[in-house]
Amino acid sequence: MDDNNRADTPVTVIGLGPMGQASAGAFLKAGHPTTVWNRTASKADQLVARGARLAPTVGDALGTGSLTIICVADYQVVYELLGASDVELAGTTLVNLTSGDSAQAREAARWAERRGARYLDGAVMAIPPAIGTPEAVILHSGPRSDFEAHKPALDALGTLTYLGADHGLASLYDVAGLAMMWSVLNAWLQGTALLRTAGIDAATYAPFAQQLATVVATWLPGYAEQIDSGSFPAEVSALETDARAMDHLIAESEAVGVNAELPRWIKAMADRAIAAGHGGEQYPVLIEEFGKPRTP
Ligand code: NAP
């Protein structure tokens, strides 16, 4: 058993917003000596009452051990805090749970490594109350050896998933997840807006929508095979058939006076794919439209 496999491995947490507080609390609960620092020191009060040490400076906090979690508002704050002249990064493995994009993660990795730190990027796919439970999925990317070395301590946060050596992967999965989340919610809101015009309330539609979303989710692995093979036979429906149904959605939305922007946007994308000759293929052929740069 190496030192990092021990529940008494010291951990430092920089940033005590809701997510940092939850993370520090999970380390304490798992028995790790936990040092914390936050710009607003009073946010450490409850953690200190539970046994955390409040460091007077970021530099002091980093001096405690070999694992430092930083979880602040954005990457600029990461640089402001860790770039200070009295902060010695060499000797720590920095696990950055701050949300950002993949380019920011890769740049932060280079920056930290130039300063002698090991660097793992992380993305938290959970809300603070779930931290410390298996429901909290935490994505990590960066050198596997660093992940493996600190996994026993990081396990205190929830269910860890290692994505690969490319430091940008955790952020990339994170934003891909956001695309999924908002697309499902937007689709549900569109339907809810339509049904409310007929006096159907959101609670009545929600279970129906939930079942539909679950069924659609089961299509993903098969559709993924089509995307990965670059072959889109219309096994159940052709895109041009879907496009006619999109017209119904647009017409209904406009007729009852609800927002038709989302249906029109979906139809415009399908129309471009059909114009490019893909009307007889199956829906996931739209990956070719999603894969092109295009801004409104
Ligand atoms: P947040 O509001 O995003 O971040 C708050 C933290 O950032 C506090 O520690 C705050 O210090 C610090 N901070 C902000 N500006 C600063 C500055 N100029 N100098 C020093 N410190 C500064 O709250 P959060 O919910 O804890 O989120 C932290 C990260 O986790 C974010 O990247 C967020 O996207 C990610 N995340 C959050 C959730 C969630 O549900 N909350 C879920 C997934 C991921 P003060 O306390 O002094 O203001």
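It should be emphasised that the depicted structure is a prediction, and the values quoted were computed from it without experimental measurement.

Focus on the pattern of salt bridges
So, point 1. Enumeration according to the criterion identifies 12 salt bridges in this entry.
So, point 2. Between Asp146 and Arg118 there is a salt bridge, with the nearest N and O atoms lying 3.0 Å from each other. Of this pair, Asp146 sits in helix α6 (residues 144–154) while Arg118 is found in strand β6 (residues 118–125), placing the two residues 28 residues apart along the sequence.
So, point 3. The class for Arg118 is partly exposed, based on a relative accessible area of 42%.
So, point 4. Shared partners join several salt bridges into a network, and the residues in it are Glu107, Arg110 and Arg114.

Quick word on the side chain of His278
So, point 1. Tracing the sequence through the fold places His278 in helix α11 (residues 261–278).
So, point 2. With a relative accessible area of 16%, His278 lands in the buried category.
So, point 3. Within the local environment of His278, its side chain forms a polar contact with the side chain of Glu281, the two groups lying 2.6 Å apart.
So, point 4. In contact with His278, not counting residues within four places along its chain, are Leu239, Ala273, Val285 and Glu288.

Brief notes about the environment of Asp86
So, point 1. Inspection of the secondary structure assignment puts Asp86 in the loop between α4 (75–82) and β5 (93–96).
So, point 2. With a relative accessible area of 48%, Asp86 lands in the partly exposed category.
So, point 3. Distance in space between the C-alpha atoms of Asp86 and Asp60 is 8.7 Å, their sequence separation being 26 residues.
So, point 4. Not counting chain neighbours up to four residues away, the residues in contact with Asp86 comprise Thr57 and Gly59.

Some details on the pairing of strand β1 (residues 11–14)
So, point 1. A two-sided burial pattern is seen for β1, the buried positions comprising Val11 and Val13 on one face and Thr12 and Ile14 on the other.
So, point 2. Bridge count for β1 against strand β2 (residues 34–37) is 4 bridges, and the pairing is parallel. Bridge pairing in β2 links Ile14 to Trp37.
So, point 3. With respect to chirality, the unit in which β1 leads through helix α1 (residues 18–29) into the neighbouring parallel β2 is right-handed.

Let's talk about the nonpolar core
So, point 1. Core analysis: the biggest nonpolar cluster contains 31 residues, and Ile69 and Ile131 have the highest contact counts within it.
So, point 2. For this core, the secondary-structure elements that each account for two or more residues are β1, α1, β4 (67–70), β6, α6 and β8 (159–164).
So, point 3. Among the elements that make up this core, the one with the highest residue count is α1 (6 residues).
So, point 4. Beyond its immediate chain neighbours, meaning those up to four positions away, Ile69 contacts Val11, Thr12, Val13, Ile14, Phe27, Val95, Leu97 and Leu154.
So, point 5. Listed in part, the 22 residues of the second largest apolar core include Ala55, Val58, Leu82 and Val87.

Remarks on the sheet that holds β2
So, point 1. The 8 strands lie next to each other as β3-β2-β1-β4-β5-β6-β7-β8, forming an open sheet whose pairing is mixed. At either end of the open sheet lies a strand with only one pairing partner, and these are β3 (53–54) and β8.
So, point 2. For strand β7 (residues 137–141) and β8, the ladder comprises 5 bridges, and the chain directions are parallel. In the sheet register, Val137 faces β8, and the bridge partner there is Thr159.
So, point 3. Packed onto the sheet, helix α7 (residues 169–196) meets β6, β7 and β8 and runs at close to 15° relative to β6.

Observations concerning the domain arrangement of the protein chain
So, point 1. The assigned domain composition of the protein chain is domain 1 (3–166) and domain 2 (197–290).
So, point 2. The straight-line distance from the C-alpha centre of domain 1 to that of domain 2 is 40 Å.

Notes on the side chain of Thr93
So, point 1. In this structure, Thr93 sits in strand β5.
So, point 2. The contacts of Thr93, once residues within four sequence positions are left out, are Ser66, Leu67, Thr68, Arg118, Leu120 and His150.

Focus: the site of the ligand
So, point 1. Lining the immediate environment of the ligand, one finds 22 residues, of which Asn38, Arg39, Thr40, Lys43 and Ser99 sit closest.
So, point 2. Between the ligand and Pro18, the relevant distance is 3.2 Å, taken from an oxygen atom to a main-chain nitrogen or oxygen of the residue.
So, point 3. Here Lys43 contributes a side-chain N or O atom positioned 2.7 Å from an oxygen atom of the ligand.
So, point 4. Against a free-state accessible area of 870 Å², the protein chains account for coverage of 73% of the ligand.
So, point 5. Taken together, the elements giving at least two residues each to the shell around the ligand come down to α1 and α4.
So, point 6. Per-class residue counts for the shell around the ligand are 12 nonpolar, 7 polar and 3 charged.

Parameters and conventions
Residue positions are given per chain, counting from 1 as you read along its sequence in written order. Residues qualify for local features only when their pLDDT is at least 70, as the model is predicted, and side-chain atom pairs are given and counted only at 80 or more; totals for whole chains, interfaces and linings, by contrast, use all residues. Values shown for side chains rest on all heavy atoms present in the structure; no hydrogens or waters enter the calculation. Criterion for a salt bridge: a side-chain nitrogen of Lys or Arg within 4 Å of a carboxyl oxygen of Asp or Glu. Strands here are runs of E lasting at least two residues and helices are runs of H or I lasting at least four, both read from the DSSP assignment and numbered beginning at the N terminus. We call a residue buried when its accessible area falls under 20% of the maximum for its residue type, exposed when it is over 50%, and partly exposed in between, using a 1.4 Å probe and counting protein chains only. Pairs of N or O atoms are called polar contacts if they sit within 3.5 Å, as long as, within protein, a hydrogen donor faces a hydrogen acceptor (for residues adjacent in sequence, only side-chain-to-side-chain pairs). When checking whether two residues touch, look at their non-hydrogen atoms; a contact exists if any pair is within 4.5 Å. Two strands pair under a simple rule: DSSP has to find at least two bridges between them. Throughout, right-handed denotes a crossover for which the path from the first strand over the helix to the second runs clockwise when the strands point away from the viewer. Only buried residues count toward a nonpolar core. Its members are Ala, Val, Leu, Ile, Met, Phe, Trp, Tyr and Cys residues joined through side-chain atoms within 4.5 Å. The convention used is that axes are lines fitted to C-alpha atoms, helices contributing only their stretch in contact, and that angles between N-to-C directions extend from 0 to 180 degrees. Domain ranges listed in this record stem from an automatic or a database domain assignment. The criterion for a residue being near a molecule or strand is simple. One of its heavy atoms has to lie within 4 Å of it. Per-residue accessibility takes into account occlusion by the displayed protein chains alone, with areas from the Shrake-Rupley method and a 1.4 Å probe. Classification used: nonpolar for Ala, Val, Leu, Ile, Met, Phe, Trp, Tyr, Cys and Pro, charged for Asp, Glu, Lys and Arg, polar for all others including Gly.

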